[in-house]
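In case you want the letters, here they are:
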Amino acid sequence: MININTNTEHIKSFVTDVELSVYKDKVAKTFKTIYEKTGAGNDFLGWTSLPSEMTTEFIRDIKNQAETLRKKSEVFVVVGIGGSYLGARAVIESLSHSFSSLINKDNDTHIVYAGHNMSEDYMVELLELLDKKEYSMAVISKSGTTTEPAVAFRILKNHIEKKYGKDEARTRIVAITDKEKGALKTLANTEGYKTYIVPDNVGGRYSVLTPVGLLPIAVAGIDIEELVNGALTIENYCRENQNADNVVAQYAVARQALYHKVKTNEILVSYESRLQYIAEWWKQLYGESEGKDGKGIFPASDIFTTDLHSMGQYIQEGLRNLFETIISVERPNKEICIPLADSDLDQLNYIAGKRLSEVNHTAETATMLAHVDGGVPNIIIQIPEISAFTIGELIYFFEMGCALSGYMLEVNPFDQPGVEAYKKNMFALLGKKGFEDRADALRKRIK
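Residues numbered from 1 in each chain as written. Predicted model: local features only at pLDDT ≥ 70, side-chain atom pairs only at ≥ 80, totals over all residues. Heavy atoms only, no water.

A. Broad picture of the sheet that holds strand β6 (residues 194-197). Strand order in the open sheet made by the five strands is β3-β2-β4-β5-β6, with parallel pairing throughout. This sheet does not close on itself; its edge strands, each paired only once, are β3 (110-114) and β6. Taking the axes of each pair of neighbouring strands and ignoring which way they run, one obtains an average angle of 20 degrees across the sheet. Note: strand β4 (residues 135-140) against strand β5 (residues 173-177), four bridges, orientation parallel. Paired with V139 across the strands is A175, a residue of β5. Sheet contacts for helix α10 (residues 211-219): β2 (75-79), β3, β4, β5 and β6; angle to β5, the most-contacted strand, approximately 150 degrees. (Pairing = 2+ DSSP bridges. Helix = DSSP H or I, 4+ residues; strand = E, 2+ residues; numbered from the N terminus. Axes fitted to C-alpha atoms, helices over the stretch in contact; angles between N-to-C directions. Contact = heavy atoms within 4.5 Å.)

B. Structural view of the packing of aromatic side chains. Scanning the entire structure with this criterion turns up 17 aromatic pairs. With centroids separated by 6.3 Å and ring planes inclined at 70 degrees, the aromatic side chains of Y251 and Y286 adopt a geometry described as edge-to-face. Taken as a pair, Y251 in helix α12 (residues 247-259) and Y286 in helix α13 (residues 276-290) lie far apart in primary sequence, 35 residues in all. A relative accessible area of 0% places Y251 in the buried class. We classify Y286 as buried; its relative accessible area is 0%. Judged by centre distance (6.3 Å) and plane angle (90 degrees), the ring pair of Y286 and F398 falls under edge-to-face. Taken together, the residues span a long stretch of sequence, with Y286 in helix α13 and F398 in helix α16 (residues 388-408) at a distance of 112 residues. Looking at F398, the relative accessible area reads 0%, which means it is buried. Here the aromatic residues W47, Y206, Y396, Y407 and F414 are joined through ring pairs into a cluster of three or more. Residue placement shows R172 over the ring face of Y164; its charged tip is 3.9 Å from the ring centre. Sitting over the face of the ring of F427, K432 holds its NZ or CZ atom 4.2 Å from the ring centroid. (Phe/Tyr/Trp six-rings, centres within 6.5 Å; stacked < 30°, edge-to-face > 60°. Buried < 20%, exposed > 50% of the residue type's maximum accessible area, 1.4 Å probe, protein only. Lys NZ or Arg CZ within 6 Å of the ring centre and 35° of its normal.)

C. The sheet that holds strand β10 (residues 378-383), seen in detail. What the five strands build is an open sheet, ordered β1-β10-β9-β7-β8; its pairing is mixed. The sheet is open, and its two borders are formed by β1 (5-7) and β8 (298-303), each paired with just one other strand. In this sheet, neighbouring strand axes are inclined to one another by 20 degrees on average, regardless of whether the strands run parallel or antiparallel. With three bridges connecting them, β1 and β10 associate as antiparallel partners. Its bridge partner lying in β10, T6 is registered against I381. Sitting on the sheet, α13 touches β7 (265-270), β8 and β9 (322-329), and the angle it makes with β8 is about 175 degrees.

D. Seen up close, the state of the cysteines. For the structure on display, the rule yields zero disulfides. Not engaged in a disulfide, the cysteine C238 finds its nearest cysteine sulfur in C402; these two sulfurs lie 13 Å apart. Note on C238: relative accessible area 0%, which makes it buried. (Disulfide = S-S within 2.5 Å.)

E. Molecular detail of the environment of D293. Along the polypeptide, D293 turns up in the loop between α13 and β8. Among the residues examined, D293 registers a relative accessible area of 61% and is labelled exposed.

F. How the structure looks around the packing of helix α6 (residues 120-132) against helix α7 (residues 147-164). Running from amino to carboxyl end, α6 crosses α7 at an angle of 25 degrees, the nearest separation of the two axes being 11 Å. Judged by the inter-axis angle, α6 sits roughly parallel to α7. In the crossing of α6 with α7, the sense of the turn from one axis to the other is right-handed. Taking contact as the criterion, the partners of M123, L126, L127, L130, D131 and K132 in α6 are, on α7, A152, I155, L156, H159 and K163. Classifying every residue of the contact of α6 with α7 gives seven nonpolar, one polar and three charged. (Parallel < 35°, antiparallel > 145°, perpendicular 65-115°, else oblique. Left-handed = near helix turned anticlockwise from the far one by under 90°. Nonpolar A, V, L, I, M, F, W, Y, C, P; charged D, E, K, R; others polar.)

G. Layout of helix α4 (residues 56-71). End to end, α4 covers 22 Å across 16 residues, agreeing with the expected 22 Å (1.5 Å per residue, within 8%). Within the span of α4, buried status applies to I59, I62, Q65, A66, L69 and R70. On an axial view of α4, the arc spanned by its buried residues comes to 140 degrees, and they lie on one face. The outward face of α4, more than 90 degrees from its buried face, is lined by the exposed residues E57 and K71. (Expected span 1.5 Å × (residues − 1). Arc of directions from axis to C-beta.)

H. Quick peek at the pattern of salt bridges. Counted under the stated rule, the structure contains 26 salt bridges. Across the pair E358 and K354 runs a salt bridge whose closest N-O atoms are separated by 3.3 Å. Overall, the relative accessible area of 38% leaves E358 in the partly exposed class. It is possible to trace a salt-bridge network through shared partners that takes in K157, E161, K166, D167, R170 and E191. (Salt bridge = Lys/Arg side-chain N within 4 Å of Asp/Glu carboxyl O.)

Have a look at this one:
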């Protein structure tokens, strides 16, 4: 039995049941397109069966390698950008103590990130940290030539070899890359790094359940078996329920129906701050998958109630092209009650004795009703708790929802041709060989 439920009751004043029903046949056809691999980008549907194809031996190898790295590392650096780090970070931050960086426990390994920006200050400060800490790293790139992680890895490789010597350094570096080609694969073979494969049929933003995500997640001490089992539950559910009643399909249909009502911006909302990077991962997943051919829902995110004090006014009364999707968590993992005060100077005794989660849930309900009344439809995705299992379910839920939604939008959900435009300009302006003509044209434009 799955733990996720989709509630679309609060879009009904914007989209009628008749308008939703027209998607019934389309859902069945779209599931068929996915499972029979007949749609655009069908070479990148390997993620659909990752949970069921995961072997015990594979998980054991990941866990053993993670434990080896944990034993020698106070810090583990994940070198990657986009899907090469966002999925791992989303899971790690959602399942870690909110103040893990300030809590020192025996055998804890703190996860940090590099190659996701090109800030010189960030890199220097990271090296200053690594000067004082025992560390290891994973470099994640299918090609090995993506500029941001390639530059970061060149700097970090130089640092780790100077700190430990080349022989020890190679035991502290894991490469996650293409199975047979590319600059990083060649380097890994030359240096003798432990290597894991990014499957050819899995794109970066769908890769969290490959070694790309699983190794860093395991190094962080999270139960990857539970994560995979959660995803497997939704995989099996989707294969057995290829219809419009499927909770994933309900989400995809609601999005598309609202999009065709000119609700073109989706805000993913959570009332749990630890889900912030789930939203960051989700933004890449949906932004790169749908934003093409002049189409697509613009993905944004907020953490409430925090962002109600910055974005709440716009959501309530701004341009009416918005809808919200709430990840609603039924119960927290910990408990605290609001104390009774003798003086009641803050006038909060009316909620004394209530759990903080009850107040948070009341804020969630009150805000949802206010936003719906203000012209913002709300979809609610309900999960019972934040755990490795439910996060695994949520990952597969959003991945399948993205594929369904993208195909219903009639785009290829598995390519990202627009991403190459800025890269070519950057290569040209930095003087990369073969881009000389482009560089001349660009320099004329920026004078």
